[in-house]
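Close look at the chain arrangement
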Amino acid sequence: MQLLDGSSCSEQIRQEIALKVDEIKSRGERVPHLAAVLVGNDGASQNYVAFKIKDCEQVGFNSTTIRMEETTTEQELLDKIAELNADDDIDGFIVQLPVPKHIDDNKVILAIDPRKDVDGFCPENVGNLSLGLPTFISATPNGIMELFRRYNIETEGKHCVVLGRSNIVGTPMAVLMSRNTNPGNATVTIAHSRTKNLKELCASADILIVAIGKTEFVTADMVKEGAVVIDVGQTRVPDSSKKSGFRNVGDVDFENVKDKCSYITYVTGGVGPMTRASLLQNTLKAHQRR
Ligand code: NAP
């Protein structure tokens, strides 16, 4: 079993990006600038945004965090998005999801200028992904593809089961794995909460990518010997032994599954850092496109 080390891979990516930023600076040009909009006080969202901003600082990007109250109205958020769309100094921005329940996240996504949509959530970017056209690929699936690429994991002709069909992870992941690319060219099955014979289906996968948000859902009997297992899941569970008072638990029962796998990710140091690195790559791309 080899652990796929998202921390070191993402560090490599950050170093590559930092070199590009140095080149930009040496040409006397403006450096990439990412803005993050955070609405409300969700603890996990605050952490995610703080990490994203820290990453920007590390590679030499400019960054801006825009904090908005939990009580922000939908219109106030849409106005802020319009402002960011029009701001020439900002190459790309994200609105950290989930937004408070009284705001329609679809309206939020539709309001973002696709040229600045570095999360890759807008219909235009999702459509381009499906057509194989240049686009911003949603950060988590893109980070997983990058792991396959950097570890030279063969995907062609393999049976890939993607467990979970969300718009931001499962669905774009399945599209990417099925496209005529390397990595890619897999035979893909998308599974979800209505899928029958889930255990047998997962156990038939050469590559199993799990993004459901159910702690340790995938057990050893659901994994084929020699499979590649990617655990996207990240659920906070209370843990008084931790300073933060919680720990993250993945969707895969790592301890009991790992010895069956050829490659596997762990909940920490796996997909999360790769997601963050992808956001930096998309921001650099947005800057270059302009
Ligand atoms: P989501 O929008 O809640 O979607 C969950 C998907 O899982 C849905 O398609 C759902 O099926 C399916 N599902 C739920 N319970 C299931 C079950 N018992 N059997 C089979 N399928 C089931 O989740 P998401 O946004 O994709 O996130 C999934 C997990 O990944 C979460 O833990 C999240 O925190 C984590 N995540 C991590 C990163 C990272 O960078 N590490 C990034 C994004 C998300 P239905 O469609 O039928 O309801």
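Treat the numbers as computed from the prediction; the structure is a model and nothing was measured.

What follows covers the sheet that holds strand β4 (residues 92–95). Taken together, the 3 strands give an open sheet; going across it, the order is β3-β2-β4, and neighbouring strands pair in parallel fashion. The open sheet has two edge strands with one neighbour each: β3 (62–68) and β4. Strand after strand, the sheet turns through a mean of 15° between neighbouring axes, direction not considered. As paired strands, strand β2 (residues 33–39) and β3 are joined by 7 bridges and run parallel to one another. By the bridge assignment for β3, V39 is matched with M68. Contacts between helix α2 (residues 43–59) and the sheet are confined to β2, β3 and β4, with β2 contributing the most and set at about 170° to the helix.

What follows deals with the site of the ligand. For the ligand, the set of nearby residues contains 22 residues, the closest of which are R165, S166, S193, Q234 and T275. Here a nitrogen atom of the ligand sits 3.4 Å away from a polar atom, N or O, in the main chain of V232. For the shell around the ligand, the element with the most residues is helix α10 (residues 271–289), which contributes 3 residues. The residue inventory of the shell around the ligand, partitioned by class, reads 9 nonpolar, 11 polar and 2 charged.

We now examine the packing of aromatic side chains. Counted under the stated rule, the structure contains 2 aromatic pairs. Considering the side-chain rings of Y151 and Y263, the 6.4 Å spacing of their centres and the 70° angle between planes classify their relative orientation as edge-to-face. Of this pair, Y151 sits in the loop between α6 (139–150) and β5 (159–163) while Y263 sits in strand β11 (residues 261–264), and the two are 112 residues apart along the sequence. Relative accessible area serves as the criterion here: at 18%, Y151 is assigned to the buried category. Note that R236 overlies the ring of F246, its terminal NZ or CZ placed 3.7 Å from the centroid. The aromatic ring of F136 is capped on one face by R289, whose charged end is 4.5 Å from the ring centroid.

Here we come to the packing of helix α1 (residues 6–26) against α2. As a packed pair, α1 and α2 sit with axes 8 Å apart at the nearest point and diverge in direction by 50°. When the axis of α1 is compared with that of α2, the two are oblique. The residues of α2 that touch α1, namely those facing E11, R14, I17, A18 and V21, are D55, Q58 and V59. In terms of residue class, the contact of α1 with α2 is built from 4 nonpolar, 1 polar and 3 charged.

Attention now goes to the sheet that holds strand β6 (residues 187–191). Read across the sheet, 6 strands follow the order β1-β11-β8-β7-β5-β6 without closing on themselves; strand pairing throughout is parallel. At either margin of the open sheet sits one strand with a lone partner, and together these are β1 (2–3) and β6. Two strands pair when backbone bridges link them, and strand β8 (residues 227–231) and β11 are joined in this way by 3 bridges, in the parallel orientation. Considered in β11, the bridge of V228 is made with Y263.

Cut-offs used in this document
Residues numbered from 1 in each chain as written. Predicted model: local features only at pLDDT ≥ 70, side-chain atom pairs only at ≥ 80, totals over all residues. Heavy atoms only, no water. Pairing = 2+ DSSP bridges. Helix = DSSP H or I, 4+ residues; strand = E, 2+ residues; numbered from the N terminus. Axes fitted to C-alpha atoms, helices over the stretch in contact; angles between N-to-C directions. Contact = heavy atoms within 4.5 Å. Near = heavy atom within 4 Å. Polar contact = N/O pair within 3.5 Å; in protein donor to acceptor, adjacent residues only side chain to side chain. Nonpolar A, V, L, I, M, F, W, Y, C, P; charged D, E, K, R; others polar. Phe/Tyr/Trp six-rings, centres within 6.5 Å; stacked < 30°, edge-to-face > 60°. Buried < 20%, exposed > 50% of the residue type's maximum accessible area, 1.4 Å probe, protein only. Lys NZ or Arg CZ within 6 Å of the ring centre and 35° of its normal. Parallel < 35°, antiparallel > 145°, perpendicular 65-115°, else oblique.

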